[in-house]
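Commentary on secondary and tertiary structure
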Amino acid sequence: MSGPPADPTRVTGPRSARPQRDDMEVVLEALVNAGTSMWVWNLKTDALIGGASAQQLLGYTPDADFHSQARWNSLIHPADLPAFDRAFEAYLGGAVGHFEQAYRARAADGRWRWLQERGRIVEWDADGQPLRMVGIVTDITERKLAELRQQERADRLEEVARNLPGMLFQMVTHGSSKYFSYASQRSLEVLGVPAERLLADVNAFEELRVLDEGAQADLARIDPAAGPGLWVTEYPIRWADGSQRWLRVTSSSEMRTDGSVLWHGYMEDVTERRAYEDMRQQAAEAVAASAAKTLFLSRMSHELRTPLNAVLGFTQLMELDTADPLTPGQLRRVTMVREAGEHLLRMIGDLLDLTRIESGQLQVDPVAVVALPLAQDCIALLGPQAQRAQVGLEALEIPERPDAPAARALADPTRLRQILLNLLSNAIKYNRPGGRVLVTVASTGAWVRLAVLDTGMGITQTDQPLLFEPFNRLGAARSGIEGTGIGLAITRALVQVMGGRIEVRSQPGSGSEFTVFLPRSPADRSERRGPSDADSRQGS
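As a starting point, this report considers the structure included with it.

The rules behind each value
- Residues numbered from 1 in each chain as written.
- Predicted model: local features only at pLDDT ≥ 70, side-chain atom pairs only at ≥ 80, totals over all residues.
- Heavy atoms only, no water.
- Phe/Tyr/Trp six-rings, centres within 6.5 Å; stacked < 30°, edge-to-face > 60°.
- Helix = DSSP H or I, 4+ residues; strand = E, 2+ residues; numbered from the N terminus.
- Buried < 20%, exposed > 50% of the residue type's maximum accessible area, 1.4 Å probe, protein only.
- Lys NZ or Arg CZ within 6 Å of the ring centre and 35° of its normal.
- Contact = heavy atoms within 4.5 Å.
- Polar contact = N/O pair within 3.5 Å; in protein donor to acceptor, adjacent residues only side chain to side chain.
- 1 Å grid on protein atoms, 1.4 Å probe; cavity = no way out; pocket = protein on both sides within 12 Å on 5 of 7 lines; lining within 4 Å.
- Points joined across faces, edges and corners; volume = space filled by probe spheres on them.
- Nonpolar A, V, L, I, M, F, W, Y, C, P; charged D, E, K, R; others polar.
- Axes fitted to C-alpha atoms, helices over the stretch in contact; angles between N-to-C directions.
- Parallel < 35°, antiparallel > 145°, perpendicular 65-115°, else oblique.
- Left-handed = near helix turned anticlockwise from the far one by under 90°.
- Core = buried A, V, L, I, M, F, W, Y, C linked by side-chain atoms within 4.5 Å.
- Pairing = 2+ DSSP bridges.
- Expected span 1.5 Å × (residues − 1).
- Arc of directions from axis to C-beta.

Turning our attention to the packing of aromatic side chains. Scanning all chains against the criterion turns up seven aromatic pairs. For the pair Phe-84 and Tyr-103, a centre-to-centre distance of 5.1 Å together with 85 degrees between the ring planes defines the contact as edge-to-face. Of this pair, Phe-84 sits in helix α4 (residues 81-92) while Tyr-103 sits in strand β3 (residues 99-106); the two residues are 19 residues apart in sequence, bridging distant segments of the chain. Each member of the pair, Phe-84 as well as Tyr-103, carries the same accessibility label: buried. Between Phe-180 and Phe-205, the aromatic rings sit 5.7 Å apart at their centres with planes inclined by 80 degrees, giving edge-to-face as the arrangement. Here Phe-180 is found in strand β7 (residues 177-183), whereas its partner Phe-205 is found in helix α8 (residues 203-206), with 25 residues between them in sequence. Judged on exposure class, the residue Phe-180 and its partner Phe-205 are both buried. In textbook terms, an aromatic cluster arises when at least three aromatic residues are bridged by ring pairs, as seen for Trp-41, Phe-84, Phe-88, Phe-99 and Tyr-103. Above the plane of the ring of Trp-447 lies Arg-501, whose end atom (NZ or CZ) is 5.4 Å from the centre. Here the basic side chain of Arg-501 rests over the ring of Phe-517, its NZ or CZ set 4.0 Å away from the ring centre.

As structure tokens, this is what we get:
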């Protein structure tokens with residue numbers, strides 16, 4: 001800090017020509033040069049003696065009129081003046097042994113400088129009232145600005161620490177003893193323990209840790225003497241409520257001269273990340289298992305179909321052999337072998353379809369398919385099965401309007417046929433003698449709706465959510481009705497692959513309705529919009 005302005009009354013001639021100054025004058029000048037001034041205040045007259053040197057601290061000339069406490073108070077920042085007065089009143093009231101207060105004062109250049117005053121009453125009048133007070137005032141601007149900068153950095157660090165997802169910390173270890181020297185407020189979210197408790201007792205942290213052998217081995221490898229570097233460990237902790245979380249601790253060490261180690265680190269809760277990684281691992285294992293299953297079934301289906309087709313071929317030849325015909329009993333048994341083989345062949349095909357769908361390897365080729373003729377073809381194919389079950393089959397289309405074209409769905413013809421055959425086969429098998437199965441086709445907006453209605457036994461509300469689970473026949477396995485339990489699972493998967501959905505409505509004793517919604521052919525949608533557009537133009 002620069003010294004006070006030159007005193008115009010001071011003689012600056014040769015040393016031998018200067019008047020001699022007393023020791024007090026030298027001391028006062030030295031104090032001013034050091035940024036400090038002494039003052040004497042008469043509380044009765046408000047006269048402030050020594051104010052000239054105090055004025056010099058603020059850059060004012062000695063003749064400036066600040067020679068009373070009232071005039072000096074006019075230099076104090078308005079925001080600091082109430083605290084200044086309170087500090088003086090506290091001293092007068094005996095709450096403190098001396099007066100001391102820091103405040104801002106306006107300097108001659110208009111800027112605010114920080115001053116600190118200390119003083120004590122040294123004389124009282126005959127009535128015991130304060131008469132004279134002596135003190136010093138010191139320019140602490142540089143120190144105060146440094147403190148403010150330090151506080152600003154500390155506040156910024158605390159704000160960063162408060163908004164980080166994890167917890168910043170410093171820990172001191174010395175031999176077997178340890179303690180936290182700093183813990184950010186995020187400790188409550190990360191550890192479930194307030195920072196104040198961690199700082200007071202390190203055991204509040206130690207009691208949380210659940211260290212298995214792997215975590216203990218990781219911690220044992222940490223060697224602060226190995227030099228600078230990051231140490232990373234993960235281990236579970238158990239909160240006070242009993243829940244287990246995973247903690248990741250990243251830290252670096254600093255060796256200190258007293259042999260202790262100062263650890264700077266960051267703790268974060270990685271429970272969700274580990275759960276996500278576990279899910280990814282499980283998903284990868286499931287994909288690998290599914291691929292292996294698909295490959296296995298693909299190879300096995302080939303290995304099984306080859307001999308099975310040979311068996312079926314020979315049973316058919318035996319059934320048709322007129323040169324050496326079978327007896328009725330033999331024919332019945334051979335027919336049972338053939339039917340069982342055909343059932344096994346269908347089941348192998350269904351399994352292979354299901355695994356291809358699950359693995360995303362099933363390819364579909366959507367084209368515009370006229371829905372009603374395809375439904376009629378399926379009815380024709382299942383006619384013999386329906387006759388044996390004494391069930392009537394019918395298909396009809398419900399047009400949007402009398403002149404509407406036939407409904408065309410955007411679908412793979414082979415897979416749509418497979419869907420309808422599955423639904424029709426179930427409607428026949430689970431129907432009653434004399435029952436009926438109806439297929440309706442309709443266009444509804446952007447969708448083609450194919451519904452298969454039967455008059456069978458129906459399905460309870462409880463069982464309906466389980467219908468599409470693979471191999472779940474809902475107790476039908478004990479009914480003697482042939483089936484694999486995967487037809488509906490394949491049906492729903494095929495519908496979804498083609499961009500559609502399937503719904504079911506049923507009541508026990510009232511039959512069931514399975515409805516498939518598939519995207520309508522774009523050409524049909526444009527045809528449907530055309531007349532509407534034309535009508536709107538004619539009406540305008």
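Looking now at the side chain of Ser-37. Its place among the elements puts Ser-37 in strand β1 (residues 36-42). The residues touching Ser-37, leaving out its near neighbours within four places in the chain, are Gly-50, Ser-53, Ala-54, Leu-57, Gly-135, Ile-136 and Val-137.

Turning our attention to unusual backbone geometry. For Asp-46, which is not glycine, the phi dihedral falls at a positive 65 degrees. In this structure Asp-46 comes out as partly exposed when scored by relative accessible area, which is 22%. The residue Gln-390 is not glycine, and still its phi comes out positive at about 60 degrees. Looking at where Gln-390 falls in the secondary structure, it is placed in the loop between α13 (383-389) and β12 (392-398). On the basis of relative accessibility, which here comes to 53%, the residue Gln-390 falls in the exposed class.

Further remarks concern the side chain of Gln-55. Examined against the element boundaries, Gln-55 turns out to sit in helix α2 (residues 51-57). You can call Gln-55 buried: its relative accessible area is 0%. Within the local environment of Gln-55, its side chain forms a polar contact with the backbone oxygen of Ala-64, the two atoms lying 3.2 Å apart. Within the structure, the side chain of Gln-55 is placed 3.3 Å from the backbone nitrogen of Phe-66, a separation counted as a polar contact. Apart from residues no more than four positions distant in its own chain, Gln-55 is found in contact with Tyr-60, Thr-61, Pro-62, Ala-64, Phe-66, His-67 and Trp-72.

This next bit is on empty space enclosed by the protein. In total, this model carries two cavities of 30 Å³ or more according to the counting rule given. The computed volume of the second largest cavity comes to approximately 40 Å³. For the lining of the second largest cavity, the per-class residue count stands at five nonpolar, one polar and three charged.

A separate point is the packing of helix α12 (residues 371-381) against helix α14 (residues 413-429). Each pair of packed helices can be summarised by the angle the axes make with each other and by the distance between the axes. Interhelical geometry of α12 versus α14 gives an angle of 50 degrees and a closest axis separation of 10 Å. It follows that α12 is oblique to α14 by the angle criterion. At the point where α12 passes α14, the crossing takes the right-handed sense. Listed contacts from α14 to Leu-374, Ala-375, Asp-377, Cys-378, Ile-379 and Leu-381 of α12 are Pro-413, Leu-416, Arg-417, Leu-420, Leu-421 and Leu-424. For the contact of α12 with α14, a count of residues per class yields 10 nonpolar, no polar and two charged.

All right, on to the nonpolar core then. Membership of the largest hydrophobic core comes to 46 residues, with the highest contact counts inside it found for Leu-423, Leu-424, Val-452, Phe-514 and Leu-518. With seven residues, the top contributor of residues to this core is α14. If we ignore the near neighbours within four places in the chain, the residues touching Val-452 are Leu-420, Leu-423, Leu-424, Ala-427, Val-437, Leu-438, Val-439, Ser-512, Glu-513 and Phe-514. In terms of nonpolar packing, the next biggest core, distinct from the first, is built from 24 residues, Leu-57, Phe-66, Ala-105 and Ala-107 among them.

A word on the sheet that holds strand β2 (residues 48-49). In a beta sheet, neighbouring strands are held together by backbone hydrogen bonds and run either parallel or antiparallel to one another. Pairing is antiparallel in the open sheet, where five strands are placed in the order β2-β1-β5-β4-β3. The sheet is open, and its two edges are formed by β2 and β3, each paired on a single side. Relative to strand β4 (residues 112-124), β3 runs antiparallel, the two being bridged by eight bridges. Paired with Gln-101 across the strands is Glu-117, a residue of β4. Sitting on the sheet, α4 is in contact with β1, β3, β4 and β5 (130-139), with an inclination near 160 degrees to β3. Along the sheet face, helix α5 (residues 141-163) touches β4 and β5 and points at about 120 degrees away from the line of β4.

Next up on the list: α4. In a regular helix each residue adds 1.5 Å, so 12 residues correspond to 16 Å; α4 covers 17 Å between its end C-alpha atoms and thus fits that length. Those residues of α4 that fall on the buried side of the exposure criterion are Phe-84, Ala-87, Phe-88 and Tyr-91. Summarising the axial view, the buried residues of α4 lie within an arc of 95 degrees, below the 170-degree limit, and thus occupy one face. Facing away from the buried side of α4 by over 90 degrees, the exposed positions are Arg-86 and Glu-89. In this fold, the buried residues of α4 make contact with β1, α3 (69-73), β3, β4 and β5. A positive backbone phi angle near 85 degrees is found at Gly-94, which sits one or two residues after α4.

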